[in-house]
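# Survey of secondary and tertiary structure
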Amino acid sequence: MPQDPRLRRVCNAVIREPTISNSKEELARLGNMSCRTMTRLFKKELDMTFLEWVQQALIISAVGRLARGEPVANVASDLGYGSPSAFTAMFRRRIGRIPSDFVLRRH
């Protein structure tokens with residue numbers, strides 16, 4: 001987590017309510033800073049872009065839910081993706097595997 005309290009507020013908000021639907025502008029306002037300042041802080045403190053960090057937070061949330069057996073379509077929808085395929089494409093691009101690799105198989 002970042003040291004800067006403004007950026008920490010932003011990161012905590014994303015972790016509490018993980019969704020791709022949060023706009024960069026909304027989150028910057030929550031952190032009481034400009035988008036440009038937030039962008040610089042993400043790079044400086046976390047060595048990631050805003051989008052990379054948000055996607056990482058979404059993946060972490062998704063993996064836990066998938067491991068509990070939730071369907072990929074439900075997880076994708078809850079995280080704000082318009083389709084499971086859009087979510088799957090992001091997931092594969094970021095970690096090299098597809099979400100269904102993490103779904104708990106019940107026998």
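A short tour of the structure in this document, coming up.

Conventions we followed
- Residues numbered from 1 in each chain as written.
- Predicted model: local features only at pLDDT ≥ 70, side-chain atom pairs only at ≥ 80, totals over all residues.
- Heavy atoms only, no water.
- Helix = DSSP H or I, 4+ residues; strand = E, 2+ residues; numbered from the N terminus.
- Buried < 20%, exposed > 50% of the residue type's maximum accessible area, 1.4 Å probe, protein only.
- Contact = heavy atoms within 4.5 Å.
- Areas by Shrake-Rupley, 256 points an atom, 1.4 Å probe, with all protein chains shown as cover.
- Core = buried A, V, L, I, M, F, W, Y, C linked by side-chain atoms within 4.5 Å.
- Axes fitted to C-alpha atoms, helices over the stretch in contact; angles between N-to-C directions.
- Parallel < 35°, antiparallel > 145°, perpendicular 65-115°, else oblique.
- Nonpolar A, V, L, I, M, F, W, Y, C, P; charged D, E, K, R; others polar.
- Salt bridge = Lys/Arg side-chain N within 4 Å of Asp/Glu carboxyl O.

## With respect to the overall build of the protein chain
- On a plain count of helices and strands, the protein chain comes out with six helices and zero strands.
- For the protein chain, the N- to C-terminal ordering of α and β elements is α-α-α-α-α-α.
- C-alpha extents for the protein chain along the principal axes are approximately 50 × 20 × 20 Å.
- Buried positions account for 37% of the 107 residues belonging to the protein chain.
- Long-range contacts, defined here as pairs at least 24 residues apart, represent 54% of the contacts in the protein chain between residues at least 6 apart.
- Counting only carbon and sulfur atoms, one obtains 51% of the accessible surface of the protein chain, whose full area is about 6,300 Å².

## Section: the side chain of Gln55
- When you line up the elements, Gln55 lands in helix α4 (residues 50–67).
- The contact partners of Gln55, leaving out residues within four places of it in the chain, are Tyr81, Met90, Arg93 and Arg94.

## Side note on the nonpolar core
- Ranked by internal contacts, the top residues of the largest apolar core, which has 30 residues, are Leu7, Met38, Phe42, Trp53 and Phe87.
- Breaking this core down by element, the ones donating at least two residues are α1 (5–16), α2 (24–30), α3 (35–46), α4, α5 (72–78) and α6 (84–95).
- The element contributing the most residues to this core is α4, with eight residues.
- In contact with Phe87, other than residues within four places in its own chain, are Ala62, Val72, Val75, Ala76, Leu79, Tyr81 and Pro99.

## Digging into the environment of Pro71
- Inspection of the secondary structure assignment puts Pro71 in the loop between α4 and α5.
- The class of Pro71 is partly exposed, set by a relative accessible area of 42%.
- Pro71 sits 32 residues away from Val103 along the chain, and the two C-alpha atoms are 7.5 Å apart.

## Section: the packing of α1 against α3
- Where α1 contacts α3, the axes come no closer than 10 Å and their chain directions differ by 90°. Considered as vectors, α1 and α3 are oriented roughly perpendicular to each other. Of the residues in α3, those touching α1 at Arg6, Leu7, Val10 and Cys11 are Thr37, Met38, Leu41, Phe42, Glu45 and Leu46.
- Counted by class, the contact of α1 with α3 contains seven nonpolar, one polar and two charged residues.

## Examining the pattern of salt bridges
- This model, assessed by the stated rule, comprises four salt bridges.
- Residue Asp78 pairs with Arg65 through a salt bridge whose shortest N-O separation is 2.4 Å. Of this pair, Asp78 sits in helix α5 while Arg65 sits in helix α4, placing them 13 residues apart in sequence.
- Owing to a relative accessible area of 47%, Asp78 belongs among the partly exposed residues under this scheme.
- Since its relative accessible area comes to 13%, Arg65 is described here as buried.

Distances and angles like these do not, on their own, reveal function.
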